[in-house]
Amino acid sequence: MGIVVLGAVFVDVKGYPLSTYIPGGRNVGRVEQVPGGVSRNVVEDIANVELRPTFVSLVDDTGMGEDVVRQLRNHKVNTDYILRTPDGMGAWLAVFDNHGDVCASISKRPDLRPLAALLDEKGDEIFRDADSIALEIDMDKELVKRVFAYARKYGKAVYAVVSNMSIAIERRDFLRSVHCFICNQQEAGILFSEDYDSKTPEELRDILAHHVQAAEIPRMVVTMGAQGAVYAMQDGSCGICPARKVDVKDTTGAGDAFTAAFACAVLHGESIDAAIHQATLAGAIAVTRRGALRSMPTKKEIEALSQEISTAG
């Protein structure tokens, strides 16, 4: 069946200034409304690297909900386990600056609890033949419990991602059961109640190595934007993968592209170093394009950039 992805669908409303962004001022620009959400982005990214993922989620019983499902089907995502329900999608309102970074945002989360009945009825069918599971760890606690129960039953690796770390910190105990937890630098700081914004990759690597062992998290990868990514494992090993220098246009979706590429690389037997290298390339491609949908790199694009770096080196 490939990778099963569970999480929310959001409607992203994004504003981009046409000139220098003025905080608190009236900025002329363009506004886009597109499907989004960490899990929705990740499942489409996985499909873009030529795997056939399955998405377990909710959408609205509206035309926009149908558009989300249709788009995923076009990418060859299995949508058999997407439920239609009123108010089934969340919303994310974001304003970007001239560097493609989010400078203000507000989100409204959907209620995913209707998925509980689906997992109770069809959980064996969904997870039995899955290669692995990608889970939004900040979903409703009872849903997370059900997913980990099926993961244990069928011996499936779980890759945990996050859309709201303030909620995810209430799920700390679940992180001990994941194959790998992936988040960004700011989210890692929230998880461990520390400020990592000014840390170098070397400093964060060492800090992460300590916390991962203390918290008994099997593996953890932290993305650092232009500084690349760091990782640490329960056995004490840790490392750094530098970022590829590119012209950044929009950082939206870069972390999701990273997560998808990493999970796919591990699924294909790559080491954690090689998987993070491929994931970093996917993230580098993503930030050169505006919007999460258009930013999603294909397998050929990731391979081409990897070859370019090897040739240059």
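Above this text is the structure in question.
The shown structure was predicted, so the numbers you read here are calculated from the model rather than taken from an experiment. (Residues numbered from 1 in each chain as written. Predicted model: local features only at pLDDT ≥ 70, side-chain atom pairs only at ≥ 80, totals over all residues. Heavy atoms only, no water.)

J.: Is there a simple way to explain helix 8 (residues 254–267) in this structure?
T.: Note on helix geometry: an α-helix contains 3.6 residues per turn, so any two residues three or four positions apart are oriented the same way. In this model, helix 8 (14 residues) spans 20 Å end to end at C-alpha, consistent with the 20 Å of a helix rising 1.5 Å per residue. Across the 14 residues of helix 8, 12 count as buried, placing the element largely inside the fold. Residue G269 follows helix 8 closely and has a positive phi angle near 90 degrees. (Helix = DSSP H or I, 4+ residues; strand = E, 2+ residues; numbered from the N terminus. Expected span 1.5 Å × (residues − 1). Buried < 20%, exposed > 50% of the residue type's maximum accessible area, 1.4 Å probe, protein only.)

J.: How should I be thinking about the nonpolar core in this particular structure?
T.: Soluble globular proteins: nonpolar side chains tend toward being buried together. In terms of nonpolar packing, the biggest core is built from 53 residues, with L6, V56, F127, L135, I137, F181 and M220 touching the most fellow members. Contacts of M220, omitting those with residues within four sequence positions, involve C180, F181, C183, A188, L191, F192, L208, V212, V230, Y231 and A232. Of all hydrophobic cores here, the second largest spans 45 residues; its members include M89, I182, V221 and A279. (Core = buried A, V, L, I, M, F, W, Y, C linked by side-chain atoms within 4.5 Å. Contact = heavy atoms within 4.5 Å.)

J.: Even after reading the chapter, I still don't get unusual backbone geometry, so can you show me in this structure?
T.: Note on backbone geometry: most residues besides glycine have negative phi, and most peptide bonds are trans. The phi dihedral of D87 falls on the positive side, at around 60 degrees, and the residue is not glycine. Note that D87 resides in the loop between strand 5 (78–84) and strand 6 (90–96). Although it is not a glycine, E216 adopts a positive phi angle of roughly 60 degrees. Following the sequence through the fold, E216 ends up in the loop between helix 7 (201–215) and strand 11 (219–223). Classification of E216 by relative accessible area gives partly exposed; the value is 45%.

J.: Just checking my understanding: could you explain the sheet that holds strand 3 (residues 29–36) for this structure?
T.: Hydrogen bonds along the backbone pair up the strands of a sheet, which may run parallel or antiparallel. Taken in spatial order, the four strands line up as 3-2-6-7 in an open sheet, and their pairing is mixed. The sheet terminates laterally at strand 3 and strand 7 (102–108), the two strands that pair on one side only. Direction aside, the axes of adjacent strands within the sheet are offset by 15 degrees on average. Here six bridges tie strand 2 (residues 10–17) to strand 6, and the two strands are oriented parallel to one another. The partner of F10 across the bridge, within strand 6, is G90. (Pairing = 2+ DSSP bridges. Axes fitted to C-alpha atoms, helices over the stretch in contact; angles between N-to-C directions.)

J.: Before we go on, may I ask you to explain the side chain of R171 in this structure?
T.: With respect to the secondary-structure elements, R171 resides in the loop between helix 5 (165–168) and strand 10 (180–184). Those residues in contact with R171, other than ones at most four positions away along the chain, are I137, D138, M139, D140, K141 and V144.

J.: It is not clear to me how the pairing of strand 11 should be interpreted in this structure. Could you clarify?
T.: Counting buried residues in strand 11 gives four out of five residues, a clear majority hidden from the surface. Bridge analysis of strand 10 against strand 11 gives four bridges, and the strand direction is parallel. In the sheet register, N184 faces strand 11, and the bridge partner there is T223. Where strand 11 and strand 12 (residues 229–233) come together, five bridges link them in antiparallel fashion. Counterpart to V221 in the pairing with strand 12 is Y231. Adjacent in sequence and paired antiparallel, strand 11 and strand 12 are bridged by five residues, among which G225 carries a positive phi angle near 60 degrees.

Limitation: the analysis is restricted to geometry and does not speak to function.
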